[in-house]
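Structure at a glance
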Amino acid sequence: MEALLSTLEASALATALSGSVWVYPLVNAGHVLGVALLVGAIVPMDLRLLGAWPAVPLAPLCRVLAGCAAAGLLLAAVCGALLFVTGASDYLASNLFVAKMTLVALATTNALTLRLSGFHACLRAADAGQALPHRVRAGAAVSLLAWLVVLILG
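Rules behind the numbers
- Residues numbered from 1 in each chain as written.
- Predicted model: local features only at pLDDT ≥ 70, side-chain atom pairs only at ≥ 80, totals over all residues.
- Heavy atoms only, no water.
- Helix = DSSP H or I, 4+ residues; strand = E, 2+ residues; numbered from the N terminus.
- Buried < 20%, exposed > 50% of the residue type's maximum accessible area, 1.4 Å probe, protein only.
- Contact = heavy atoms within 4.5 Å.
- Areas by Shrake-Rupley, 256 points an atom, 1.4 Å probe, with all protein chains shown as cover.
- Lys, Arg positive; Asp, Glu negative; His and termini not counted.
- Charge placed at Lys NZ, Arg CZ, Asp CG, Glu CD.
- Phe/Tyr/Trp six-rings, centres within 6.5 Å; stacked < 30°, edge-to-face > 60°.
- Polar contact = N/O pair within 3.5 Å; in protein donor to acceptor, adjacent residues only side chain to side chain.
- Disulfide = S-S within 2.5 Å.
- Patch = residues over 30% accessible without salt bridge, like charges linked within 9 Å, V, L, I, M, F, W, Y side chains within 5 Å.
- Salt bridge = Lys/Arg side-chain N within 4 Å of Asp/Glu carboxyl O.

Thoughts on the overall build of the protein chain
Scanning the protein chain from terminus to terminus reveals 8 helices and 0 strands. The order of α-helices and β-strands along the protein chain, N terminus first, is α-α-α-α-α-α-α-α. Overall, the C-alpha framework of the protein chain stretches about 60 × 30 × 25 Å when taken along its three principal axes. Relative to its 154 residues, the protein chain shows a buried fraction of 33%. Partitioning the intrachain contacts of the protein chain with sequence separation of at least 6 by distance along the chain shows that 77% fall at a separation of at least 24. Accessible surface, the protein chain: about 8,600 Å² in total, of which carbon and sulfur atoms supply 74%. Of the charged side chains in the protein chain, 7 are positive and 5 negative, and the gap between their average positions amounts to 23 Å.

This is how it looks when you write it as structure tokens:
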């Protein structure tokens, strides 16, 4: 594992990123923007699923916010991977980083599980006056907590 991490850190990509006055800060800014888009979409969506703003229809709100969250996750992941190669050994030695990545995986799996389990039908039913299933509310609570802890972990 050490050899792989050293190879990553010594790669042309890592060297170019580390040695650039502009590229590394721009990649870092891209990572921050991705996280902002992700969490900025997830928090209101999860709060709405948990009962906030009941007059706002769920289906169209979640459709827009889910797309924004997905774009944010993709941007954060790509930029985060680029940042990772510049200090892979240090990142993997950090318990906080490992915890953060574990929670990112958990929160992403939670979101995919919800979306693949009839999520949109639940939203349309809720907009028609039916209660959201407990699994949807539980998934929103897990999501909200997980992404907020990811933010705290940096």
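Having put the structure on the table, let's press on.
Description of the packing of aromatic side chains
Within the structure shown, the criterion is met by 3 aromatic pairs. Taking the centre distance of 5.7 Å and the plane angle of 15 degrees together, the rings of F84 and F97 count as stacked. Within this pair, whereas F84 is found in helix 4 (residues 58-85), its partner F97 is found in helix 6 (residues 95-115), the two being separated by 13 residues in sequence. A residue is classified by how much of its surface remains accessible, and F97, at 16% relative accessible area, is buried. On the basis of an interplanar angle of 45 degrees and a centroid distance of 5.1 Å, the ring pair of Y91 and F97 is categorised as tilted. Here Y91 falls in the partly exposed class, since its relative accessible area comes to 30%. Chaining the aromatic ring pairs together yields one cluster made of F84, Y91 and F97.

What to know about the side chain of S143
Residue placement: S143 occurs in helix 8 (residues 134-153). Residue S143 is classed as buried on the basis of its relative accessible area of 6%. A distance of 2.6 Å separates polar atoms of two side chains, one belonging to S143 and the other to D46.

Describing the side chain of H31
Mapped onto the elements of the fold, H31 is located in helix 3 (residues 23-49). Apart from the residues lying within four places of it in its own chain, the contact partners of H31 are A76, C79, G80, L83 and K100.

Here's the deal with the state of the cysteines
On inspection of all chains with the given rule, the structure shows 0 disulfides. Considering cysteine sulfurs only, C62 is the nearest to C68, which forms no disulfide, with 13 Å between them. Assessed through its relative accessible area of 28%, C68 is described here as partly exposed.

Regarding the environment of V85
Looking at the secondary structure, you find V85 in helix 4. Each C-alpha atom of the pair V85 and A14 lies 5.6 Å from the other, and the pair is 71 residues apart in sequence. Residue contacts for V85: discarding those within four places in its chain leaves L8, E9, L13, A14 and L17.

With respect to a nonpolar patch on the surface
There is a patch of nonpolar side chains on the surface, built from M1, L4, L92 and V98 and spanning about 400 Å² of accessible area. Within the secondary structure, M1 is located in the segment before helix 1 (2-10).

Notes on unusual backbone geometry
Even without being glycine, W53 reaches a positive phi, approximately 50 degrees. Mapped onto the secondary structure, W53 falls in the loop between helix 3 and helix 4. According to the relative accessible area criterion, W53 is partly exposed, its value standing at 46%.

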